[in-house]
Amino acid sequence: MAEIEIYKKSPAEFDLGQRRARRSMRSQVIMFSLMIFLTLTSFMIVTASNAEVIGFSKYYVIPVIMLFAAVQVGLQLYYFMHMQEKGHGIAAMFMFTGALLAFLIVLTFVTIVWWN
Amino acid sequence: MSSVAQKKGFGSWLWDWLTTVDHKKIGILYLLGGGFFFVLGGIEAMIIRIQLAVPNSDLISAGLFNQIITMHGTTMIFLAAMPILFGFMNAIMPLQIGARDVAFPFLNSLGLWMFIFGGLFLNISWFMGQAPDAGWTSYASLAITSEGHGVDFYAIGLQIAGGGSLIAGINFLVTIINMRAPGMTYMRMPLFTWTTFIASAMILFAFPPLTIGLFFLTFDRMFGANFFDHAMGGNTIIWEHIFWIFGHPEVYILILPAFGIFSEIFSIFSRKRLFGYTSMVFATVLIGFLGFMVWAHHMFTVGLGPTANAIFAVATMAIAVPTGVKIFNWLLTMWGGSIKVTTPMLYAIGFIPSFVMGGVTGVMQGAAPLDYQLHDTYFIVAHFHYVIVGGTVLGILAATHLYWPKMFGTMLNETLGKVTFWFFFIGFHMTFLIQHWLGFWGMPRRVFTYMDGQGWNSANLISSVGAVFMAIGVIVLLYNIIMTSVKNVPVANDPWGDGRTLEWAIQSPPLYYNFTQTPLVRGLDSVWIEKQEGNESGITPAVPVQDIHMPHGSIIPIFMTLGMFIAGFGAMFREETSWGLPLLVFGLAWTFVCMAIRSLKDDLGYYVPKEEILEDMKRERGRK
Amino acid sequence: MDLNKKFTPETWPDNPETATFEAKNKFVGFWLFLGGETILFATLFATYLALKNKGPANLEFSTQELYELPLVFVMTMLLLTSSLTSVYAMYHLRNYNFKKMQLWLGITAFLGLGFLILEVYEFYHYVQLGFVYSNSAFSSAFYTLVGTHGFHVAIGLVWITLLIFRNAKRGLNLYNATKYYTFSLYWHFIDVVWVFIFTVVYLMGKVG
């Protein structure tokens, strides 16, 4: 564990940091409520589809809940896991490569595993 | 800990090696372990060739033959080729980027011991009645019905060794991302470092599917799951997909580091900057990326349908483009260079035609309609031996000669090295070239014998004689290693005289902290640049001499791995014995306790005092 | 580095999780590990999708009849909320407020435990119905996918419990800040996987 230089922030800097942290925390909470909203909506439209409410066919419901899932994951990554901050370039590169390959694997398994 | 030769007992010497987290020592251990399994796999290959030398041979039974081919493939790929490459990556890559160690020294040691225990686990099967016998691919329908514990040894042994590979991959990636010396930008990294980087990234993405596939196989065989049992709704093709999603990137994981080694060799011994460095890097990245898009070309005859076959055929052929770029770059590096034909250079020159032949037959199989003809014949055997032996193994042998002085501080005998090369090279072509025709003539792979009068006799005999040549080559190499180790003539920093990258500017073998001062890198081939500008040491320091922070050794990795090893036996004998289940639980608990100890005990490392470094520098100057 | 060195909120670095050299390595290494985990779960998801509702000829279970959305909804809420509490913990980590960080992490662990108990209950319930692991390809794929996720949750719980108790007396320093931070990354990743599980396994299973 290498030594690091200790830097004491001036009161003004410290205040700015605190304000920024609070603002970022506020946006986290907003994103959380958005995630809750998306989850609720997903469960509700699936329930509606199960109750055979007109308009909620599975060709509409499945793409929508998949989209909501993707948005939620984006929010988790960029807000909760701080990927929007700087210094996350490598992390983003490997996560996106992983996501692309993940998509390919799933695509294969839902298309050509049962070929006949 | 000091580099000063100390009088140490055998016990403390052994303890030092078992607990080491020094990347150079771990590299040597990888080399030893991988070398041992390479010889083992070679012996298995010899038995195969002796059995097939004549028709109607009954030297070994069909069942034993299946076990031997399975273990030959598995051993050579997972326990020989990969670990030996890991050995060179460990020993050389941190030196090339000017680092003191790898990013995670503890995990490095853990990865090593997982490989060793996984390899032992696999090979203990020989003494437990049955070795794996479903082929190195262990296709599910065959593997789940294979009797005895053979395939269980395969699944669990590879699980342990594969975990080690994943750890090694992450470790190398972070080392290259975070620990490059000042000035060592990505586009100034030596090609071996680049290929290590890409191969490690491929390990990161390719090994998790193998982990899952092996779990499926384990659960199907031992815990009543039904992933691959069609009567229960399972699907045996899933195994093939998962295996090749891992397996195809795996062959690029094997070949890319060899490409890196050859790039270094061409550049050093042509005494020229590598031609088209940027396109080399780009081609490496592209090969790595495309390597994930082509796995189904191993499954053309499964019946995926013309659309899927066409897509994967086109993607497969696309890989020939970046590979071709590399071949031409190597040729043009030699063009107009002042070439010195040393042993490593001999291997490099031999590699180009050999690998191109393997590549061309690969494109042939990439054409799906032709693959229907070639599938499961000796043509396939010829092809993959041409790429793996002609590429990876030649690369490993070349690196052995090239980096031996850097790793061990003494030079392998050049004459014996060339003898090894010629025996191995001629033997290799003799063994495998003729197998292309055997394939055309219809000889299927994985048969334990064949009938007389099909026109295959003389071709098989030639192939077997070639194998003997290769064996002689390897024996000469072993003799060479023993003789040079006994003589142990020390060598200077740059024994080849034309080193271009940072590892050639420090002692052979390097001090345990590698660089007395972190170097400043001012361009590609930084040592070459410094020497051209009259700086004889080859290094411009980036910092003054100061205390160096180093990690502590640890015995925990061995114990952690031992827990997995024990748990493996427990899982295997869970049903037929009363002690199986407790052993499984005990082994896992043991591993978790080790992990908890590691997590709870602070390990902050220690400092090498400045005085010791100054002392080492003074002694180094005195030697000159 | 001296672990006894006490920081103040003014001297505590902005990004304590990557303040030291070792911490940077751990940070990048853990992200890469998560990249690998993505593929691991993708393989499990792919297998589940290929094998769902597949079984012997007279398979009596199907996604539509088996799953119960209310339970899954409660589990989802627990895990999502635990994600937010872990964000709060990281907020206090960066503010050098050790007590509040430990408190929020404790809440995170409790929510995670609640999730795990519900999942065990769910599995137990299915087993009671006869939907055992070796019932069919469907059951094997289901339990392996959801169980692997559950196993990750369990590992996370052990991890955070050890961290909380190990550091309770000595407070925050730059050595354990990274450990807390990587735990939080891990915990969010578990949540990411769960988002796909409740969508792909349960919701899509109900839709058909």
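Residues numbered from 1 in each chain as written. Chains lettered and ligands numbered in written order. Predicted model: local features only at pLDDT ≥ 70, side-chain atom pairs only at ≥ 80, totals over all residues. Heavy atoms only, no water.

Colleague: Even after reading the chapter, I still don't get the overall build of chain C, so can you show me in this structure?
Modeller: Along chain C, the regular secondary structure elements total 6 helices and 0 strands. Its C-alpha atoms put chain C at 65 × 30 × 25 Å along the principal axes. Every one of the 208 residues in chain C was classed for burial, and the buried ones make up 67%. Residue pairs at least 24 apart in sequence account for 80% of intrachain contacts in chain C once pairs closer than 6 positions are excluded. Total accessible area computed for chain C in this model is approximately 7000 Å², and 67% of it derives from carbon and sulfur atoms. (Helix = DSSP H or I, 4+ residues; strand = E, 2+ residues; numbered from the N terminus. Buried < 20%, exposed > 50% of the residue type's maximum accessible area, 1.4 Å probe, protein only. Contact = heavy atoms within 4.5 Å. Areas by Shrake-Rupley, 256 points an atom, 1.4 Å probe, with all protein chains shown as cover.)

Colleague: Just to check I follow, could you spell out the overall build of chain B for this structure?
Modeller: When helices and strands are counted, chain B shows 20 helices and 4 strands. Rg of the C-alpha trace for chain B: 24 Å, near the compact-globule value of 25 Å for 624 residues, within the 12% margin. A principal-axis box enclosing the C-alpha atoms of chain B has dimensions of 70 × 60 × 45 Å. Within the span of chain B, comprising 624 residues, buried residues form 62% of the whole. Sequence-distant contacts in chain B: of pairs separated by 6 or more residues, those separated by 24 or more amount to 82%. If you sum the accessible surface of chain B, you get close to 22300 Å²; carbon and sulfur atoms cover 71% of it. For chain B, the separation between the mean place of its 31 positive charges and that of its 34 negative charges on side chains is 12 Å. (Rg over C-alpha atoms; globule rule 2.2 N^0.38 Å. Lys, Arg positive; Asp, Glu negative; His and termini not counted. Charge placed at Lys NZ, Arg CZ, Asp CG, Glu CD.)

Colleague: Mind showing me how you'd approach the interface of chain C and chain B here?
Modeller: Many structure descriptions define interface size as the accessible area lost when the parts assemble. If you look at the interface, chain C gives 38 residues, while chain B gives 37 residues. Between chain C and chain B, roughly 2900 Å² of surface is buried when both sides are summed, and carbon and sulfur atoms account for 71% of that area. One can count 11 residue pairs in polar contact (both at pLDDT 80 or more) joining chain C with chain B. When residues of the side of chain C that touches chain B are traced back to their parent elements, those giving at least two are helix H1 (21-51), helix H5 (137-167) and helix H6 (174-207) of chain C. Here the side of chain C that touches chain B gets 18 residues from one element, more than from any other, and that element is H1(C). (Buried area = accessible area lost by both parts, 1.4 Å probe. Polar contact = N/O pair within 3.5 Å; in protein donor to acceptor, adjacent residues only side chain to side chain.)

Colleague: Looking at this model, I keep getting lost on the nonpolar core. Mind explaining?
Modeller: Nonpolar side chains in soluble globular proteins tend to end up buried together. Core analysis: the biggest nonpolar cluster contains 281 residues, and C:Trp31, C:Phe142, C:Tyr180, C:Trp194 and C:Tyr202 have the highest contact counts within it. Two domains each provide a minimum of three residues to this core, namely domain 1 (18-85) and domain 2 (86-116) of chain A. Excluding residues within four positions of it along the chain, C:Trp31 makes contact with A:Leu77, A:Met81, A:Met83, A:His88, A:Ala91, A:Met95 and C:Leu185. Counting 14 residues, the second largest nonpolar core, distinct from the first, contains B:Ile48, B:Ile68, B:Met443 and B:Tyr450. (Core = buried A, V, L, I, M, F, W, Y, C linked by side-chain atoms within 4.5 Å. Domains from an automatic or database assignment.)

Colleague: When you look at the packing of aromatic side chains in this model, what are you seeing that I'm missing?
Modeller: When we look at a pair of aromatic rings, we describe it by the centre distance and by the angle of the planes. Using the criterion set out here, one finds 91 aromatic pairs over all chains in the structure. Centre to centre, the rings of C:Phe142 and C:Tyr143 are 5.3 Å apart; their planes meet at 70°, and the pair counts as edge-to-face. Between C:Trp194 and C:Tyr202, the aromatic rings sit 6.1 Å apart at their centres with planes inclined by 45°, giving tilted as the arrangement. The same class applies to C:Trp194 and to C:Tyr202, which are both buried. One cation-aromatic arrangement involves B:Arg180 over B:Tyr186; the distance from NZ or CZ to the ring centre is 3.9 Å. Above the ring of C:Tyr175, the side-chain terminus of C:Lys26 is found at 5.6 Å from the ring centroid. (Phe/Tyr/Trp six-rings, centres within 6.5 Å; stacked < 30°, edge-to-face > 60°. Lys NZ or Arg CZ within 6 Å of the ring centre and 35° of its normal.)

Colleague: Which parts of the structure should I look at to understand the interface of chain A and chain C?
Modeller: Taken residue by residue, the interface counts 57 residues in chain A and 62 residues in chain C. For the pair chain A and chain C, the interface holds 2 salt bridges. Of the charged contacts in the structure, one is a salt bridge between C:Arg94 and A:Glu85, with a shortest N-O distance of 2.8 Å. Scanning the region where chain A abuts chain C turns up 7 residue pairs in polar contact (both at pLDDT 80 or more). Broken down by element, the side of chain A that touches chain C gets its largest block of residues, 18 residues, from helix H1 (residues 11-50) of chain A. For the side of chain A that touches chain C, the per-class residue count stands at 38 nonpolar, 13 polar and 6 charged. (Salt bridge = Lys/Arg side-chain N within 4 Å of Asp/Glu carboxyl O. Nonpolar A, V, L, I, M, F, W, Y, C, P; charged D, E, K, R; others polar.)

Colleague: What should I look at first to understand unusual backbone geometry in this one?
Modeller: Residues and elements named next belong to chain B. Of note, the amide linkage connecting serine 508 to proline 509 takes the cis form, showing an omega dihedral of -15°. When you line up the elements, proline 509 lands in the loop between helix H16 (457-487) and strand E1 (519-520). Its identity is not glycine, yet serine 138 carries a phi of approximately 40°, on the positive side. Classification of serine 138 by relative accessible area gives buried; the value is 0%. Despite not being glycine, aspartate 376 has its phi angle at roughly 60°, a positive value. Structurally, aspartate 376 is set in the loop between helix H13 (368-374) and helix H14 (378-408). Given a relative accessible area of 35%, aspartate 376 falls into the partly exposed group.

Colleague: Help me understand the packing of helix H2 (residues 23-52) of chain B against helix H3 (residues 62-96) of chain B in this model?
Modeller: The description of two packed helices rests on the angle between their axes and on the distance between the axes. Residues and elements named next belong to chain B. Between H2 and H3, the least distance of the axes is 7 Å, while the angle of their chain directions is 155°. Regarding the angle of H2 to H3, the classification is roughly antiparallel. Note that H2 runs across H3; the crossing there is left-handed. Here the contact of H2 with H3 is composed, by residue class, of 23 nonpolar, 12 polar and 2 charged. (Axes fitted to C-alpha atoms, helices over the stretch in contact; angles between N-to-C directions. Parallel < 35°, antiparallel > 145°, perpendicular 65-115°, else oblique. Left-handed = near helix turned anticlockwise from the far one by under 90°.)

Colleague: Explanation requested: helix H10 (residues 306-318) of chain B in the structure shown.
Modeller: Owing to its 3.6 residues per turn, the α-helix aligns residues three or four sequence positions apart on the same side. Residue and element names in this part refer to chain B. The end-to-end C-alpha separation of H10 is 18 Å, in line with the 18 Å expected for 13 residues at 1.5 Å each. Restricting attention to buried positions, one finds in H10 the residues Ala308, Asn309, Phe312, Ala313, Ala315 and Thr316. End-on, the buried residues of H10 take up no more than an arc of 170°, which puts them together on one face. Facing away from the buried side of H10 by over 90 degrees, the exposed positions are Pro306, Thr307, Ile311 and Val314. Buried residues along H10 sit against helix H11 (320-334), helix H12 (343-366) and H13. (Expected span 1.5 Å × (residues − 1). Arc of directions from axis to C-beta.)

Colleague: Quick question: what am I supposed to make of the pattern of salt bridges here?
Modeller: For side chains of opposite charge, pairing can occur when their charged atoms come near one another. This model, assessed by the stated rule, comprises 18 salt bridges over all chains. What you see here is one network of salt bridges that share partners, running through A:Glu85, C:Glu17 and C:Arg94.

Colleague: When you look at a nonpolar patch on the surface in this model, what are you seeing that I'm missing?
Modeller: Residues and elements named next belong to chain B. Taken together, Phe275, Phe328, Leu331, Leu332 and Trp335 make up a surface patch of nonpolar side chains, about 560 Å² in accessible area. Position of leucine 332 among the secondary structure elements: in helix H11. Accessibility expressed as a relative area gives 33% for leucine 332, which makes it partly exposed. (Patch = residues over 30% accessible without salt bridge, like charges linked within 9 Å, V, L, I, M, F, W, Y side chains within 5 Å.)

Colleague: Which parts of the structure should I look at to understand the environment of B:Glu147?
Modeller: Residues and elements named next belong to chain B. Among the structural elements, glutamate 147 can be located in the loop between helix H5 (140-145) and helix H6 (150-178). Of the residues examined, glutamate 147 reaches a relative accessible area of 66% and is grouped as exposed. The sequence separation of glutamate 147 and threonine 484 amounts to 337 residues, and the corresponding C-alpha distance is 47 Å.

Colleague: It is not clear to me how the side chain of B:Asp371 should be interpreted in this structure. Could you clarify?
Modeller: Residues and elements named next belong to chain B. Within the secondary structure layout, aspartate 371 lies in helix H13. Although aspartate 371 is buried, it makes no salt bridge; arginine 445 carries the closest opposite charge, 8.9 Å away. With residues up to four places along the chain from it excluded, the contact list for aspartate 371 reads His297, Phe300, Thr301, Gln365 and Ile380.

Colleague: Sorry if this is basic, but what is going on with a positive patch on the surface here?
Modeller: All names here are of chain A. A grouping of Arg19, Arg20, Arg22, Arg23, Arg26 and Lys86 is seen on the molecular surface, where their side chains present a positively charged patch. Of note, arginine 20 is situated in helix H1. In this structure arginine 20 comes out as exposed when scored by relative accessible area, which is 52%.

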